[in-house]
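Listed here are the chains, written in short residue letters.
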Amino acid sequence: MNFLQLEVFRETICTGSIKRVAEQMNLSERGIVDVINDLERDIGFSLFTQNDKGLEPTSAAHRFYKTVENKFLTIDRLRNLSSKAAASRI
């Protein structure tokens, strides 16, 4: 499992669209699908199913997302702290 996989997973949950994630991250749709497939292989369970409306996160994906989102919130806090520290040096 790596950061790119988690980032792609997070964006896919948030947007519900492989196409939008590909556009946002400047990657191909096939590349996004490959990253998600690799993550599923790494963690050992399915994250999405396909239905008439598009992608549907599994119940396991919703539980996994909560932990992933907490990690991203921590990263955002670290970035804010770093920015404030850098600004105070100027």
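None of these values were measured; they are calculated from a predicted model.

A. Spatial organisation of helix α4 (residues 59-89). Taking 1.5 Å of rise per residue, 31 residues should cover 45 Å, and α4 covers 46 Å from first to last C-alpha, within 8% of that figure. Among all positions in α4, only Ala60, Ala61, Phe64, Tyr65, Val68, Glu69 and Phe72 are buried. For α4, the secondary structure elements touched by its buried residues are α1 (3-15), α3 (29-43) and β2 (54-57).

B. Structural detail: the packing of aromatic side chains. Considering all chains together, one arrives at 5 aromatic pairs under this definition. A centroid spacing of 6.0 Å and a plane angle of 55 degrees characterise the contact between Phe9 and Phe48, whose relative ring orientation is tilted. Residue Phe9 is found in helix α1, and its partner Phe48 is found in strand β1 (residues 48-51); the two are separated by 39 residues along the sequence. For the pair Phe9 and Phe48, a shared accessibility class is recorded, and that class is buried. Both rings, one in Phe9 and one in Tyr65, keep their centres 6.4 Å apart while their planes meet at 65 degrees; by these two values the pair is edge-to-face. Placement of Phe9 in helix α1 and of Tyr65 in helix α4 is noted, with a sequence separation of 56 residues between them. Every member of this aromatic cluster is reached through a ring pair, and the members are Phe9, Phe45, Phe48, Phe64 and Tyr65.

Basis of the calculations
- Residue positions within a chain follow its written sequence, with the count starting from 1.
- Local features in this predicted model are restricted to residues whose pLDDT is 70 or higher, and side-chain atom pairs enter the listing and the counts only when it is 80 or higher, whereas totals over whole chains, interfaces and linings include all residues.
- Remark: hydrogens and water are excluded; side-chain values derive from all non-hydrogen atoms of the structure.
- A run of H or I in DSSP becomes a helix once it reaches four residues, and a run of E becomes a strand once it reaches two; helices and strands are each numbered from the N terminus.
- Multiply 1.5 Å by the residue count of a helix minus one, and that product is the helix's expected span.
- For each residue, the accessible area found with a 1.4 Å probe, counting protein chains only, is set against the maximum for its type, and the residue is called buried under 20%, exposed over 50%, and partly exposed in between.
- Any two residues whose heavy atoms approach within 4.5 Å are treated as being in contact.
- Classification of ring pairs rests on two measures: the distance between centres of Phe, Tyr or Trp rings, Trp counted by its six-membered ring, which must be within 6.5 Å, and the angle between planes, read as stacked under 30 degrees, edge-to-face over 60 and tilted in between.

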